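These are the residues of each chain, in order.
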Amino acid sequence: MSRSGECSGELVARANGDGIVHLWAVLDLSIRLAEVLFASGAGAEEATTTMSIVAESYGVGGTTADVTHTMLTLTWTDPDTHESVSRRRIIRERGLDYARLASAAALITRISDRKIGIEAARRRLSVILSGPPQVPRLLRRAGWSLIGAGAAVLFGGGWLVAAVAFGASFVLEAISTGLGFRRVPVFYQSVLGGVIGPVAAALVHYIDPDASSSLVVVATIVVLLAGVTTFGAVQDTLTGFYVTGLARMTEAVVITVGIAAGIIGTSLLLARVGVPLVISVSEARSSHGPTVTIVAAIVIVVGFALAAQLPWRALGAVVVLGAATEFFYLLSIAAGAGTVWGSALTAVVIGALASLSARLTRTPPLPTVVTSLVPLLPGFVLFNGLMQVADGSVTGLLGMFTAAAVAGALAAGAILGQFLIDLAVSPVRGQRRVTGPLLALPARFSRKRSQRRDSEAPH
């Protein structure tokens, strides 16, 4: 009999006493831990793996885990009576709290190592969920502002443009947070984000007509794009969770459409009053030397680390990786790789380095790799495409497809880099490996799961 069968038999044997209470507690803990990871951007494979690992660690084998974009389901079936007990959790809120994700991952590790009991684990999870945030709200808002200011400099803006981008991003984040508390759909939040950028650009144009005011719009787009929707969509697609991946891609499209509506509508209105927003592709990453662009990339990474509440122990690592991201990207462009392939090659390198650094900082790879790659988000390409579409040019659609290709290349490249390190550091020989890299959990879980599947397979 397999290990799962033995666990199920033990549970059935004591079901007339405390067994059913234990079963409920295990299912509840398993699905709530998976919810923390999934709501923070982890992939569907990681959510299902978490539920299986936690349940089996407490003697509940033979569970079935299922994930959609908005719901987690965990079911245990009695092998004798075939009656089922299920738990479901609706994903009502999503957000970037990498400190909470790292704490949940550490708890999962302790559970897997049999170092904590079920009741102690449930109390620890309650502390994780109810504890104060690692970074105060005002400092997180300042982090989003740093992303905007750094992006403005990265794309060629001066001090005036950076200062206005800082203020516009601060206002945008404050308004978006207020709308989120009031359950305003993300589409309308994106529309508002698209409105604020052109208004801030008009302010720059009024102060200094010679400044590249439209770069403020690019900076605010980067703030809106600095999430993990596309990353999670690509990861779910590559690991076989096509429905969840498609749902996340749909969410990314909704956000992009909202941004486009806000930018194009406001830009047309501003053009009516004599404040046109025109930007050329040649301005991107060409006004400053490599040193300034690398420093700007570091500012973006630090800002995102604050906004996403990256664990403090990983801050130094992402600063180094952020500088490496811009350096390798510039090197790839200089070698003639192009925007898409340059982004993909850079993401592979950074994904591998982030995986190694995650082992040193005791942080899941996902927060490290996403934070490090934020400077390469295609805000400029997306803006240029939107503006061309506003002018009635079909060429703008090509720009928008290019932006989507860059975002996909970043995610796929980073996952490939993690996958290569996972194979090199934790090789699986003579076994069936059917899962991709687990970015929100230690890599050893992927190996253990493969071994378990092979031990349960008929010989």
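Higher on the page you've got the structure.
Now for a quick tour of the structure. Per-chain numbering applies: the sequence of each chain, read as written, is numbered from 1 onward. Predicted model: local features are reported for residues with pLDDT of at least 70 only, side-chain atom pairs are reported and counted for 80 or more only, and whole-chain, interface and lining totals are derived from all residues. Where side-chain values are given, they derive from all heavy atoms of the structure, hydrogens and water being excluded.

Helix and strand assignments follow DSSP, with helices taken as H or I runs no shorter than four residues and strands as E runs no shorter than two, numbered in order from the N terminus. When helices and strands are counted, the chain shows 18 helices and three strands. Exposed residues in this analysis have more than 50% of their type's maximum accessible area, buried residues have under 20%, and partly exposed residues fall in between, with area computed by a 1.4 Å probe over protein chains only. Counting over 459 residues, the chain shows a buried share of 54%. Note on areas: Shrake-Rupley with a 1.4 Å probe; residue coverage comes only from the protein chains shown. Looking at the chain as shown, the accessible area adds up to about 19,400 Å², and 64% of this sits on carbon and sulfur atoms.

What follows concerns a nonpolar patch on the surface. A surface patch of nonpolar side chains, amounting to about 400 Å² of accessible area, comprises Val389, Val394, Leu397 and Phe401. Looking at the secondary structure, you find Phe401 in helix α17 (residues 395-425). For Phe401, a relative accessible area of 61% translates into the label exposed. Only residues whose relative accessible area exceeds 30% and that take part in no salt bridge are eligible for patches, with like-charged residues grouped when within 9 Å of each other and nonpolar side chains (Val, Leu, Ile, Met, Phe, Trp, Tyr) grouped when within 5 Å. The working definition used for a salt bridge is a side-chain nitrogen of Lys or Arg within 4 Å of a carboxyl oxygen of Asp or Glu.

The next point concerns the pattern of salt bridges. Tallied over the entire structure, the rule returns six salt bridges. Across the pair Arg122 and Asp28 runs a salt bridge, and its minimum N-O distance is 3.4 Å. Of this pair, Arg122 sits in helix α5 (residues 118-130) while Asp28 sits in helix α2 (residues 15-39), and the two are 94 residues apart along the sequence. When its relative accessible area of 26% is taken as the criterion, Arg122 is described as partly exposed.

In space, the three strands of this open sheet follow the order β1-β2-β3, with antiparallel pairing throughout. Both outer strands of the open sheet, β1 (63-67) and β3 (84-90), are each paired with one neighbouring strand and no more. Strand-to-strand, the axes of this sheet are offset by a mean angle of 10°, without reference to chain direction. The pairing criterion is simple: DSSP has to find at least two bridges between the two strands. Here strand β2 (residues 71-77) pairs with β3 via seven bridges, running antiparallel. Bridge pairing in β3 links Trp76 to Val85. Note on contacts: a residue pair qualifies if any of its non-hydrogen atoms lie within 4.5 Å across the two residues. Angles here are taken between N-to-C directions and fall from 0 to 180 degrees, while the axes themselves are lines fitted to C-alpha atoms, restricted in helices to the stretch in contact. The strands that helix α3 (residues 44-57) touches are β1 and β2; relative to β1, the one it contacts most, it runs at about 155°.

This brings us to the environment of His22. Here His22 lies in helix α2. On the basis of relative accessible area, His22 is assigned to the buried category, the value being 18%.

All right, on to the packing of helix α8 (residues 186-207) against helix α11 (residues 242-272) then. Running from N to C, α8 and α11 point in directions that differ by 35°, and their axes come no closer than 7 Å. When the axes of α8 and α11 are compared, the crossing they make is right-handed. Packed against α8, whose contacting residues are Val186, Phe187, Ser190, Val191, Gly194, Val195, Pro198, Val199 and Ala202, the element α11 presents Val254, Ile255, Val257, Gly258, Ile259, Ala261, Gly262, Ile263, Thr266, Ser267 and Leu270 at the interface. Following the grouping adopted for this structure description, the nonpolar residues are Ala, Val, Leu, Ile, Met, Phe, Trp, Tyr, Cys and Pro, the charged ones are Asp, Glu, Lys and Arg, and the polar ones are all others, Gly among them. The residue makeup of the contact of α8 with α11, split by class, is 14 nonpolar, six polar and no charged. In a left-handed crossing the near helix is turned counterclockwise from the far helix by less than a right angle, and in a right-handed crossing that turn is clockwise.

Right, let's get into the packing of aromatic side chains. When two rings of Phe, Tyr or Trp (its six-membered ring) have centres within 6.5 Å they constitute a pair, described as stacked for plane angles under 30 degrees, edge-to-face for angles over 60, and tilted for the intermediate range. Scanning the entire structure with this criterion turns up three aromatic pairs. Aromatic side chains Trp144 and Phe304 sit 6.1 Å apart centroid to centroid with 90° between the ring planes, which places their arrangement in the edge-to-face category. One end of the pair, Trp144, is in helix α6 (residues 137-154); the other, Phe304, is in helix α12 (residues 290-307), with 160 residues separating them in the sequence. We classify Trp144 as buried; its relative accessible area is 13%. On the accessibility criterion, Phe304 (0% relative accessible area) is buried.

Attention now moves to helix α14 (residues 338-361). Multiply 1.5 Å by the residue count of a helix minus one, and that product is the helix's expected span. Its 24 residues give α14 an end-to-end C-alpha distance of 33 Å, which sits within 8% of 34 Å, the value for a rise of 1.5 Å per residue. Of the residues trailing α14, Arg362 is marked for its positive phi of about 55°.

Mapping Thr361 onto the fold places it in helix α14. A residue is classified by how much of its surface remains accessible, and Thr361, at 11% relative accessible area, is buried. Sequence-distant contacts of Thr361, defined by excluding residues within four places in its chain, comprise Arg313, Ala314 and Ala317.

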